[in-house]
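Tertiary structure, described
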Amino acid sequence: MTEYPSLGGELLKGVLAVVALPVVVLLLLLGPFGWLTLGAAVLLAGVIRGRESSERAPERTNCPHCGARNDVDATVCSYCEEPMDAA
Ligand SMILES: [Zn+2]
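Reference entry: report on the structure contained in this document. Bear in mind that the values here come from a model prediction, so they are computed numbers and not experimental data.

Side note on the overall build of the protein chain
Each helix and strand in the protein chain was counted, giving 1 helix and 2 strands. N-terminal to C-terminal, the α/β element order of the protein chain is α-β-β. Each of the 87 residues in the protein chain was classed as buried or not, and the buried ones make up 8%. Sequence-distant contacts, at least 24 apart, represent 0% of the contacts inside the protein chain between residues at least 6 apart.

Notes on the coordination of the zinc ion
Looking at the metal site, the zinc ion is ligated by Cys 63 (SG), Cys 66 (SG), Cys 77 (SG) and Cys 80 (SG), spaced 2.2 to 2.3 Å from it. When the donor residues of the zinc ion are listed from N- to C-terminus, their spacing reads C-x2-C-x10-C-x2-C. Residue classification places Cys 66 among the partly exposed residues on the basis of a relative accessible area of 36%.

Some remarks on the side chain of Asn 70
With respect to the element layout, Asn 70 can be found in strand S2 (residues 69-71). Using a relative accessible area of 2% as the deciding quantity, one classes Asn 70 as buried. Of note is the side chain of Asn 70, whose polar atom sits 2.7 Å from the backbone nitrogen of Ser 78. Setting aside chain neighbours within four positions, we find Asn 70 in contact with Glu 59, Arg 60, Thr 61, Cys 63, Val 76, Cys 77, Ser 78 and Met 84.

Notes on the pattern of salt bridges
Counted under the stated rule, the structure contains 2 salt bridges. For Asp 71, the salt bridge is made with Arg 60, and the minimal N-O distance between the two is 2.6 Å. With Asp 71 in strand S2 and Arg 60 in strand S1 (residues 60-62), this pair connects stretches of sequence that are 11 residues apart. Taking relative accessible area as the criterion, Arg 60 reaches 36% and is therefore assigned partly exposed.

Examining the environment of Cys 66
Position of Cys 66 relative to the elements: it lies in the loop between S1 and S2. Spatially, the C-alpha atom of Cys 66 lies 6.8 Å from that of Cys 80, the residues being 14 residues apart in sequence. Leaving out residues up to four positions away in the same chain, Cys 66 has contacts with Cys 77, Tyr 79 and Cys 80.

The rules behind these values
Residues numbered from 1 in each chain as written. Predicted model: local features only at pLDDT ≥ 70, side-chain atom pairs only at ≥ 80, totals over all residues. Heavy atoms only, no water. Helix = DSSP H or I, 4+ residues; strand = E, 2+ residues; numbered from the N terminus. Buried < 20%, exposed > 50% of the residue type's maximum accessible area, 1.4 Å probe, protein only. Contact = heavy atoms within 4.5 Å. Donors = N, O, S within 2.8 Å, 3.2 Å for Na, K, Ca; no water. Polar contact = N/O pair within 3.5 Å; in protein donor to acceptor, adjacent residues only side chain to side chain. Salt bridge = Lys/Arg side-chain N within 4 Å of Asp/Glu carboxyl O.

Here is the structure:
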């Protein structure tokens, strides 16, 4: 029996090392302050994204015929397909 070296595994390890090493070094260089900054940045991004979506949310209107929720710029109701302009 001959033991073949698992080339795929070695290749994967090499790729992981190449990708992970700069990240680990960067995190070690940044230290706890870097972690805090990273956390704050992620938190801030989440807050900004949430605010953007909540600002867009009220742009809905009820269908004058069936009361279904539709976009304000919709010309016909997506539910009953009646024209959206309130008589
Ligand atoms: Zn409708």
